[in-house]
Amino acid sequence: MTTMIAVDGVGKTFVLHNQSGIRLNVLAGASLSVEAGEAVVLSGPSGAGKSTLLRILYGNYRPTSGQVLVRHEGHLVDLVGAAPRAVLEIRRRTLGWVSQFLRVIPRISALDLVRDPLLARGIGESEATRRARDMLARMNLPESLWTLPPQTFSGGEQQRVNIARSLVDPAPVLLLDEPTASLDAANRDVVVELVEAARARGSAIVGIFHDEAVRSRVATRMVDVTSFSPRIGSAP
Amino acid sequence: MSAPLDSAAKVATGADGDAPLLTATGVTRFYGERIGCEDVSFDLWPGEVLGIVGESGSGKSTLLRCLAGLDRPTSGRIGFRDGSRVTPDIFALDEQRRRALMRTAWGIVHQNPRDGLRMGVSAGGNIGERLIDRGDRHYGNIRVAAVDWLQRVEIDPARIDDRPTQFSGGMQQRLQIARVLVSEPKLVYMDEPTGGLDVSVQARLLDLLRALVRDLGLAAIIVTHDLAVARLLTDRLMVMRRGRVVEEGLTDQVLDDPQHPYTQLLTASVLAA
Amino acid sequence: MQKSVGPPKRDEAYNFAYLDEQTKRMVRRALLKAVAVPGYQVPFGSREMPLARGWGTGGIQVTASVIGPDDTLKVIDQGADDTTNAVSIRRFFARVAGVATTEATGEASIIQTRHRIPEAPLRAGQILVYQVPQPEPLRKLEPKEAETRKMHAWGDYGLMHVRLYEDIARFGRVATTYSYPVLVNGRYVMSPSPIPKFDNPKLGMCAALQLFGAGREKRIYAIPPWTEVKSLDFDDHPFEVQTWDEPCALCGAADSYLDEVITDDKGSRMFVCSDSHYCEERRAAGHVGRLLGSETGQKLTGGAKE
């Protein structure tokens, strides 16, 4: 078994300096290790720190303590304290983030958006185009929209473009932040199939899903983050 | 965890990425008793886009002027590496060599296009000047390059012989960018590149800058007080206050998980991205 | 027309050549430096002269500093020896220096000029003194003196080519016809004063010493004999001089710089040599132009005096 991503003794305390220095202890001693081909779904009540943990895994939040290890090009690398360019490179090659929100880049067509990650990984132009078209078709995005920039699309259409972009060439580690929220049943099924396919090809997956049915279909393991909660939720 | 841990510094970042392009060490600039910027140190790597944010008077423009060779620091060093050509401190060079470096190795996009353009010279002449400075003496070739760059910054090539005074603010700014990029610098400094432009014009310019920086593999240092601009264009951020860097890191880290009270104050006043 | 005048009696009320000896020494020091650094503009303490600045005071001060009692002076204005300015300056030196004057290029040891180089080749030992209104070739492009000095110091002359670029872009060719910038001795870009670019090729590898004086701008510069002078250009738009479709209407010269002269109020016109002495010498040697001897031609040559 190969550990793809792991946290060890991770704690996170937010200090709100502009609100009289309130300290929010969200995580303490969080430890988790995810193998290739595993899909871990984080569970726990709202506010338990699922989202915080996922963002720490992506290097978006900086933990107050502990290590965040990612297997990048065969080596385990600690994201904590890594140089920004190293984190960016790890995200480019190893860490994929899939959410329901598309950061719209003006004037770039949906097709180019989906093709982009393939080209960036050195896949040839025609092959990349073919795979991007397949993906958009699979996400049930009307072909008439493919050549248009998504900023004029509906929220649901943008979400599907984003998922197509994120899953067209799944990264070795996929972090899923409720990608199926607000999708209709048919599209939700497609996303679940894609995630399942990525896992089968060896991606390690960590995700948050509110939908109980999706959760149980995707997960090979559930981890309840309440076990990572500090004993005292917050202290002044 | 018992798995072997490799140093994050070993993470490959692609060709040409094994040495910093720019190295600032303890850069300090006083204006008499007043602090412009103090003790700023960082490395900038090829292809990286660094944002410097902070409110007016925080020292970000002073720092930019020092880095760009326009303003001599009171103390500290600014090193620059162009391939195998290493300059340990650009201010240790005589002014002539520093100016030559400023013309070939990096470019400056000023907030006010009037500071970066020759208003009495045509658009083509403005773009051509950097090539002429480089030693190009073939009119036809200069002309071809000027047309190409006007197109790349989305200015109608038919306007090649018009003067910048006949251009809108957004066009002037795009012309300034063409003038800077035509000589293929490794690094571009931008001081509030979208300042003074309408919001719709800003969006177009940002989009253009983003594409150019990505396509040309440019390193850039962008000074802005606009966190949305920083989020869209930069990989890394330095937050400055009262002349000092109070926080730095990946752009999304700094904006989404700000640690310093001042950064929290800055980000709290901006709508979530 | 009288060609040469022997040395008249000097007006003893003035110091020789008007300027006091200390001033002349100061100007000569500037001249020596200018000769030592060809094309470099040397600042000097320009003095008040008995005519307004802008009327050739720089050239006059240079002439006054290099002239001796044995010199023979020629003064031309736009190529002509007989215009008011040329006549006045010639008289001035005849009076304050008691020197001989001439209109013959070959006889002169010092030639003060405004806006022309004589057509006849100059010889070693002659000095050509230019009156310069604006010595700074970069001034129109860069208004700040501190900046133009740096540009000269560092040979930072890209802007000059931007000016040429602008010309070609607008007119299809370099439209600058006078004050056409040159690179002297491969180092300094220099304004040749407002001579027509036709004269630019004569600046280089010239046997005579060329001195430039700008009185209002307080600058002196020089081209020593046999110095390389290159007119700036682009590889694909090489430097060219003006040409005319017809020769001089009076002397038939096809190799000289021609002025267009309107001969009546019906718009008739003709082209004649700008260098009046050159034209006269050719006519004296028997060359005949299209209109020589005609009524219009006679008006221009000063009637049937000869």
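Note on numbering: residues in each chain are counted from 1, in written sequence order. Chains carry letters and ligands carry numbers; both start at the beginning, A for chains and 1 for ligands, and go up in the order they are written. Reporting of local features is limited, given that this is a predicted model, to residues whose pLDDT is at least 70; pairs of side-chain atoms are given and counted only at 80 or more, and all residues count toward the totals for whole chains, interfaces and linings. Calculated side-chain values reflect all of the structure's heavy atoms, with hydrogen atoms and water omitted.

Undergrad: Is there a simple way to think about the overall build of chain C in this case?
TA: The secondary structure listing takes helices from DSSP runs of H or I that are at least 4 residues long and strands from runs of E that are at least 2 residues long, numbered from the N terminus. A count of helical and extended segments in chain C gives eight helices and 13 strands. As defined in this context, the radius of gyration uses C-alpha atoms, and a globule is described by 2.2 Å times the residue total to the power 0.38. Relative to the 2.2 N^0.38 estimate, which gives 19 Å for 306 residues, the radius of gyration of chain C is 20 Å and therefore close to what a compact globule would have. The burial tally for chain C puts 56% of its 306 residues in the buried class. Two residues qualify as a contact provided that any one of their heavy atoms is within 4.5 Å of a heavy atom in the partner residue. Pairs at least 24 apart in sequence give 62% of the contacts found in chain C among residues at least 6 apart. Charge counting treats Lys and Arg as positive and Asp and Glu as negative, with His and both chain ends excluded. Where a charge lies is defined by one atom per residue type, namely NZ (Lys), CZ (Arg), CG (Asp) and CD (Glu). Taking the 39 positively charged and 39 negatively charged side chains of chain C as two groups, their mean positions are separated by 6 Å. Whether a residue is buried, partly exposed or exposed follows from its accessible area with a 1.4 Å probe, protein chains only, as a fraction of its type maximum: under 20%, in between, or over 50%, in that order.

Undergrad: Sorry, what's going on with the interface of chain C and chain B here?
TA: How big an interface is tends to be stated in terms of accessible area lost as the parts join. With 21 residues of chain C at the contact, the number on the chain B side is 22 residues. Summed over both sides, the interface between chain C and chain B buries roughly 1900 Å², with carbon and sulfur atoms accounting for 54% of that surface. The salt bridge criterion pairs a side-chain nitrogen of Lys or Arg with a carboxyl oxygen of Asp or Glu, the two atoms within 4 Å. Scanning the region where chain C abuts chain B turns up four salt bridges. Across the salt bridge formed by Lys150(C) and Glu95(B), the nearest N and O atoms sit 3.1 Å from each other. For the purposes of these results, a polar contact is taken to be a pair of N or O atoms within 3.5 Å, where, inside protein, one atom must be able to donate a hydrogen and its partner to accept one; residues adjacent in sequence count only when each atom of the pair is a side-chain atom. The interface formed by chain C and chain B holds 13 residue pairs in polar contact (both at pLDDT 80 or more) in total. For the side of chain C that touches chain B, the elements supplying multiple residues, two or more each, are helix H4 (145-153) and helix H5 (158-171) of chain C. In terms of residue count, the dominant contributor to the side of chain C that touches chain B is H5(C) (nine residues). Across the side of chain C that touches chain B, the residue classes break down as nine nonpolar, three polar and nine charged. Buried area is a sum: the accessible area each of two parts loses on coming together, probed at 1.4 Å, counted once for each and added. Residues are grouped as follows: nonpolar covers Ala, Val, Leu, Ile, Met, Phe, Trp, Tyr, Cys and Pro; charged covers Asp, Glu, Lys and Arg; every other residue, Gly included, is treated as polar.

Undergrad: Please clarify how the nonpolar core should be interpreted in this entry.
TA: Here is a general trend for soluble globular proteins: nonpolar side chains tend to be buried in one another's company. Residues belong to a common nonpolar core when they are buried Ala, Val, Leu, Ile, Met, Phe, Trp, Tyr or Cys residues joined through side-chain atoms within 4.5 Å. Ile127(B), Trp149(B), Leu175(B), Ile177(B), Leu181(B) and Phe234(C) are the most contacted members of the largest nonpolar core, which has 57 residues in total. Dropping the residues within four chain positions of it, Phe234(C) is found in contact with Ile132(B), Arg137(B), His138(B), Tyr139(B), Ile142(B), His161(C), Leu164(C), Tyr165(C) and Ile168(C).

Undergrad: I tried to follow the sheet that holds strand S6 (residues 95-99) of chain A on my own but got confused; where do I start?
TA: Either a parallel or an antiparallel arrangement is found when strands of a sheet pair, and the pairing is made through backbone hydrogen bonds. Residues and elements named next belong to chain A. Think of it this way: DSSP has to see at least two bridges between two strands before they count as a pair. Pairing in this open sheet of five strands is parallel, and the strands run S6-S7-S8-S3-S9 from one edge to the other. The sheet is open, and its two borders are formed by S6 and strand S9 (221-224), each paired with just one other strand. Averaged over all adjacent pairs, the angle separating strand axes in this sheet is 20 degrees, with direction ignored. The pairing of strand S3 (residues 39-43) with strand S8 (residues 204-208) spans three bridges and is classified as parallel. By the bridge assignment, Val 41 is partnered in S8 with Gly 207. Think of each axis as a best-fit line through the C-alpha atoms, taken over the contacting stretch in the case of a helix, with angles from 0 to 180 degrees between the N-to-C directions.

Shape descriptors only; they carry no functional weight alone.
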